Number of protein chains: 2
Amino acid sequence: MIRIAIDCMGGDIGLPVTIPAARQFAQQHPDTRFLLVGDEARIRAMLDQHGRDSGDWCQILPASEVVLMDDSVEVALRRKKDSSMRVAAQAVKDGLADACISAGNTGAWMAITRYVLKTLDGIDRPAIATSIPNQTGGATTMLDLGANVDCTAEHLLQFAIMGAALAKTVDRREQPTIGLLNIGEEVIKGNEVVKQAAELLRASGLNFYGNVEGDDICKGTVDVIVCDGFVGNVVLKSLEGLARMVANMMRQEFKRDPLSLVAGALATPVLNRFRDKVDNRRYNGAALLGLRGIVIKSHGSADVYAFGCALKRAHEAVQNGLLSGTTSAIGHLRQSLQDAADQSAALSGTAGLAQSPVPRVGT
Amino acid sequence: MIRIAIDCMGGDIGLPVTIPAARQFAQQHPDTRFLLVGDEARIRAMLDQHGRDSGDWCQILPASEVVLMDDSVEVALRRKKDSSMRVAAQAVKDGLADACISAGNTGAWMAITRYVLKTLDGIDRPAIATSIPNQTGGATTMLDLGANVDCTAEHLLQFAIMGAALAKTVDRREQPTIGLLNIGEEVIKGNEVVKQAAELLRASGLNFYGNVEGDDICKGTVDVIVCDGFVGNVVLKSLEGLARMVANMMRQEFKRDPLSLVAGALATPVLNRFRDKVDNRRYNGAALLGLRGIVIKSHGSADVYAFGCALKRAHEAVQNGLLSGTTSAIGHLRQSLQDAADQSAALSGTAGLAQSPVPRVGT
């Protein structure tokens, strides 16, 4: 049985999206039980409206407050202690649910889940990861997307471990390749943090491909791309902006005159196939990695279909053991780095005295 | 008369692109004279092949060496002192040309032009700027795109001045709006450099819009977007990657079966209109700003049409006084910041003793 706590109030639309999506998902996945968190009366009303069925696919967990999209992290964390976000995170903490999900305010969701669940041993900072469709027909996992603006090389290494565990468990990549986002060699200066991170990654035992550039995201050169949260956030939003522009312009051109309308009607099946391939609703559901619990963030503007996709990611993360996968990857890494340190100390004949080059991965 | 020095040997294709593009441009712009820099015999042969005409539209400036795409900056700068890049830059330095252009190795072109021409007073570091088509039908000027990986707030301010001068002279925006690339407010931590840059920009007298996010590039929210070279380079390449993926996938879908082929044929005029709108060849020609001379970088893979667009940017930059525009903008800025400092000193009653908050803009 997989138990998922849903912040039913979150997102631009809230209940009319979260409840029908959960109900549909439960019908297709009878192994799932949902904890529906939020305003009890309104959840009941919505359930009645959408057909409660047998009712054993869900249980309501009341929460009297809602974190708004423009609430500050402080308000969300300190003044709304009975928010649907907080209660959903607490359900995971208390072992009532295996995962929690919200489509609400990202910063608040990040802060609340981090406060309630805490980070895993060996992880300094949680990171946000998502999948971006690429031209291989698959998707590239990218992180961090905005949780950490200033990162050290060690943080980037930790992101790589968490991203690899996600790609392995959710996208079923056996030995996911890791790329480090950097700029072309033709450019005069390199970035010190990225250079150091490359060294750590080379010694990590992870399947490190090397540096990748911006266009490798859509090429699908590697399974996982690691970068700091400033770069990741800007890149993700830039890509979303271009995708929206292309879709809008195409729509406009096909509506410009009667002949274009006819051409558009005839081309509809082709354009739909194309749209389905790059439909980023399919990839809705960013993972907040590095916490002692599985935490998913849906896009605020998600519709029922998109929210269902995010539920699927939560379900797969639980089913395929994302948490234990991440924990054991951290253990392996610590071992590889220790081995490398021992070896280098033995070679230099100073075993026992050598300054350990093992970066802080682990407690 | 506008005189442009062309590194005819640079780019993936070299002479078969640069010479025909120059000739076509000269036919359409009789006010232009080109200095064709490179291997004299090969340039002559290419000119004969493409019809030299009266011949007074161009003059050959011989250069015995060529900087290769994979030459290091050091090789380009120190070992190839008679390269076509070097001779083209020297022509600007010596007053033989008003602008120079190359489609070759970006790092080498940057280093050579900086070494030969030097930076303008008040500019610490040159920056690379380009225009990205946006959904208003115009384009967003973005800089830096990779010349400066680590930037201070003052560098970002300098980029804003240079970008505004470019948008004013080349894109004819009267009071170009400036946006500072940042991440959403929902994210936990801000970036210190960007926060400081915002303060400087607010005091600068420039038309500062405020922070913008990645999706504002394609929305066309502002005329000029400023960011450090790491972020700019990654974003630009990410957008190029997505654009290529969309074009490839669309082509594939329209070729999938006979019905799709028919739909594609009927939709061709619509798809072509769309393609023309977002055709980034139209926006070929990045500007290397902050130097004592107008320097343009064409895409290495530019065809004759795209190289002609880059020549047009060089022509417009000269015609509309980019250099004098930048210099006077630096002067104005220095004055605004000094006024602000004087005012704040007067208000606090410590004029003459106050630590000047004027950042280093100017010698």
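As annotated in an unreviewed UniProt entry, chain A carries the name Phosphate acyltransferase and is attributed to Candidimonas nitroreducens. The heading Subunit (unreviewed entry) in the UniProt record of chain A holds the text "Homodimer. Probably interacts with PlsY."

## Overview of the overall build of chain A
Helix and strand content of chain A: 12 helices and 11 strands. The principal-axis extent of the C-alpha atoms belonging to chain A is close to 75 × 55 × 35 Å. Looking at chain A alone, contacts between residues at least 24 apart form 72% of all its contacts between residues at least 6 apart. A total accessible area of about 15,100 Å² is found for chain A, and carbon and sulfur atoms account for 50% of it. Averaging the coordinates of the 38 positive side-chain charges in chain A and doing the same for the 40 negative ones gives two points 3 Å apart.

## Notes on the sheet that holds strand β7 (residues 178-181) of chain B
Residues and elements named next belong to chain B. If you walk across this open sheet you meet the 11 strands as β3-β2-β1-β4-β11-β10-β5-β6-β9-β7-β8, and the pairing is mixed. If you trace the sheet from one side to the other, it starts and ends with β3 (58-62) and β8 (208-212), each paired once. Adjacent strand axes in the sheet meet at a mean angle of 25 degrees when their direction is disregarded. Judged from the 3 bridges that link them, strand β10 (residues 286-289) and strand β11 (residues 294-297) form a sheet pairing that is antiparallel. Within β11, the position partnered with A287 by the bridge is I296. Contacts from helix α6 (residues 153-169) reach β5 (127-133), β6 (139-143), β7, β9 (224-226) and β10 within the one sheet, and its direction differs from that of β9 by about 160 degrees.

## What about the packing of helix α6 (residues 153-169) of chain A against helix α7 (residues 192-202) of chain A?
A packed helix pair is summarised by two numbers, namely the angle formed by the two axes and the spacing between the axes. Residues and elements named next belong to chain A. Their axes nearest at 8 Å, the elements α6 and α7 cross at an angle of 50 degrees. Considering the angle they form, α6 stands oblique to α7. At the point where α6 passes α7, the crossing takes the right-handed sense. Mapping the contact onto sequence places A153, E154, L156, L157 and A160 in α6 and V193, Q196, A197, L200 and L201 in α7. Taken together, the residues of the contact of α6 with α7 break down into 8 nonpolar, 1 polar and 1 charged.

## Let's talk about the relation of the copies chain A and chain B
Once chain A is rotated about the relating axis by 180 degrees and shifted along it by 0.0 Å, it coincides with chain B to within an RMSD of 0.1 Å. Between the two chains, the operation in question is that of a two-fold axis.

## Let's talk about the environment of S238 of chain B
Tracing the sequence through the fold places S238 of chain B in helix α9 (residues 229-254). For S238 of chain B, a relative accessible area of 1% puts it in the buried group. In the structure, S238 of chain B is positioned 158 residues away from K80 of chain B in sequence and 33 Å away in space, judged by C-alpha atoms. Beyond its immediate chain neighbours, meaning those up to four positions away, S238 of chain B contacts G214, D215, I217, V235 and L239 of chain A.

## A closer look at the confidence of the model for chain A
Low-pLDDT portions of the prediction should not be read for the details of their coordinates. All names here are of chain A. Taken over all residues, the pLDDT of chain A has a mean of 87, while the share at 70 or more is 92%. At the low end of the mean pLDDT range in chain A sits helix α10 (residues 258-278), at 78; at the high end sits strand β4 (residues 99-102), at 98. Low pLDDT (under 50) marks residues 350-363, which in the prediction has 27 contacts with non-local residues, meaning those over four places away or in another chain.

## What to know about the pattern of salt bridges
Applying the stated criterion across every chain, the model contains 27 salt bridges over all chains. Between R292 of chain A and D121 of chain A there is a salt bridge; the shortest N-O distance is 3.0 Å. Separated by 171 residues along the polypeptide, R292 of chain A in the loop between β10 (286-289) and β11 (294-297) and D121 of chain A in the loop between α5 (106-117) and β5 (127-133) bring together distant segments of the chain. Given the relative accessible area of 42%, R292 of chain A is considered partly exposed. The class for D121 of chain A is partly exposed, based on a relative accessible area of 42%. K237 of chain B serves as the salt-bridge partner of E213 of chain A, at 2.4 Å between the closest nitrogen and oxygen.

## Details of helix α4 (residues 84-93) of chain A
Two residues of an α-helix separated by three or four positions point the same way, owing to the 3.6 residues in each turn. Residue and element names in this part refer to chain A. Along α4, 8 of the 10 residues are buried, which leaves the element largely enclosed by surrounding structure. When we look at burial in α4, the residues that qualify are S84, M85, R86, V87, A88, A89, A91 and V92. Along its buried surface, α4 packs onto β1 (2-7), β2 (32-38), β3 (58-62), α3 (73-79), β4 and α5. Downstream of α4 by a residue or two, G95 has a phi angle that is positive, lying close to 80 degrees.

## So, the packing of helix α1 (residues 15-28) of chain A against helix α11 (residues 304-319) of chain A
Residues and elements named next belong to chain A. Two elements in contact, α1 and α11, have axes whose closest approach is 8 Å; the angle formed by their N-to-C orientations is 55 degrees. As the angle between them shows, α1 and α11 are arranged oblique. For the element pair α1 and α11, the recorded crossing hand is right-handed. For the pair α1 and α11, the contacting residues are P16, V17, T18, P20, A21, A22, Q24 and F25 in the first and V304, F307, G308, L311, K312 and H315 in the second. Within the contact of α1 with α11, the residues separate by chemical class into 9 nonpolar, 4 polar and 1 charged.

## Side note on the packing of aromatic side chains
All names here are of chain A. Within this structure, the stated rule accounts for 4 aromatic pairs over all chains. Centre to centre, the rings of F25 and F34 are 6.0 Å apart; their planes meet at 70 degrees, and the pair counts as edge-to-face. Residue F34 is classed as buried on the basis of its relative accessible area, which comes to 1%. One residue, K118, lies across the ring of Y115, its end atom 4.7 Å from the ring centre.

## Observations regarding a nonpolar patch on the surface
Side chains of V262 and L266 of chain A together with V262 and L266 of chain B sit close together on the surface and give an oily, nonpolar patch of about 350 Å² of accessible area. Listing elements by their share of the nonpolar patch, those giving two or more residues are α10 of chain A together with α10 (258-278) of chain B. Checked against the element boundaries, L266 of chain A lands in helix α10.

## Focus on the nonpolar core
The tendency in soluble globular proteins is for nonpolar side chains to be buried side by side. I6, F34 and L36 of chain A together with I6, F34 and L36 of chain B are the most contacted members of the largest nonpolar core, which has 251 residues in total. When residues no more than four places from it in sequence are discounted, the contact partners of F34 of chain B are I4, I6, A22, F25, A26, W57, C58, Q59 and L311 of chain B.

Rules used throughout
Residue indices follow the written sequence of each chain, beginning from 1 at its first position. Think of it this way: whatever chain is written first is A, whatever ligand is written first is 1, and the rest follow in order. Local features in a predicted model are, by the rule used here, given only for residues with pLDDT of at least 70; side-chain atom pairs are given and counted only at 80 or more, and totals for whole chains, interfaces and linings are based on all residues. In computing side-chain properties, one takes all heavy atoms of the structure into account and sets aside hydrogens as well as water. UniProt positions are given in the numbering used here, feature names are shortened, and annotations may be inferred rather than shown by experiment. Comment: elements are numbered from the N terminus, with helices defined as DSSP H or I runs of at least four residues and strands as E runs of at least two. In this analysis, two residues are considered to be in contact whenever any of their non-hydrogen atoms come within 4.5 Å of each other. Surface exposure here means Shrake-Rupley accessible area, sampled with a 1.4 Å probe, where a residue is shielded only by the protein chains that are shown. Only four residue types enter the tally: Lys and Arg on the positive side, Asp and Glu on the negative side; His and the chain ends are excluded. Here the site of a charge means NZ on Lys, CZ on Arg, CG on Asp, or CD on Glu. Any two strands are treated as partners once DSSP identifies two or more bridges connecting them. In this description, a line fitted to the C-alpha atoms serves as the axis of each element, helices being fitted only across the stretch in contact, and the angle between N-to-C directions of two axes falls anywhere from 0 to 180 degrees. Small angles under 35 degrees read as roughly parallel and large ones over 145 as roughly antiparallel, with 65 to 115 read as roughly perpendicular and the rest as oblique. Note on convention: near helix rotated counterclockwise from far helix by under a right angle means a left-handed crossing. Clockwise means right-handed. Three categories are distinguished: nonpolar for Ala, Val, Leu, Ile, Met, Phe, Trp, Tyr, Cys and Pro, charged for Asp, Glu, Lys and Arg, and polar for the others, with Gly belonging to the last. The superposition of copies rests on a least-squares fit of C-alpha positions from residues with pLDDT of 70 or more in both. Think of it in three bands: residues with accessible area under 20% of the maximum for their type are buried, residues over 50% are exposed, and the middle band is partly exposed, with areas taken using a 1.4 Å probe on protein chains only. Confidence scores per residue from the predictor, reported as pLDDT, run from 0 to 100. Think of a salt bridge as a Lys or Arg side-chain nitrogen and an Asp or Glu carboxyl oxygen that are within 4 Å of each other. Stacked, edge-to-face and tilted are the three classes for Phe, Tyr and Trp ring pairs, Trp counted by its six-membered ring, which pair at centre distances within 6.5 Å; planes under 30 degrees apart are stacked, over 60 edge-to-face, the rest tilted. Whether a charge sits over a ring depends on NZ of Lys or CZ of Arg being within 6 Å of the ring centre and within 35 degrees of the ring normal. Patches here are clusters of residues that have more than 30% relative accessible area and form no salt bridge, with a 9 Å joining cutoff for like charges and a 5 Å cutoff for nonpolar side chains (Val, Leu, Ile, Met, Phe, Trp, Tyr). Only buried Ala, Val, Leu, Ile, Met, Phe, Trp, Tyr and Cys residues count toward a nonpolar core, and they belong to the same one when joined by side-chain atoms within 4.5 Å.

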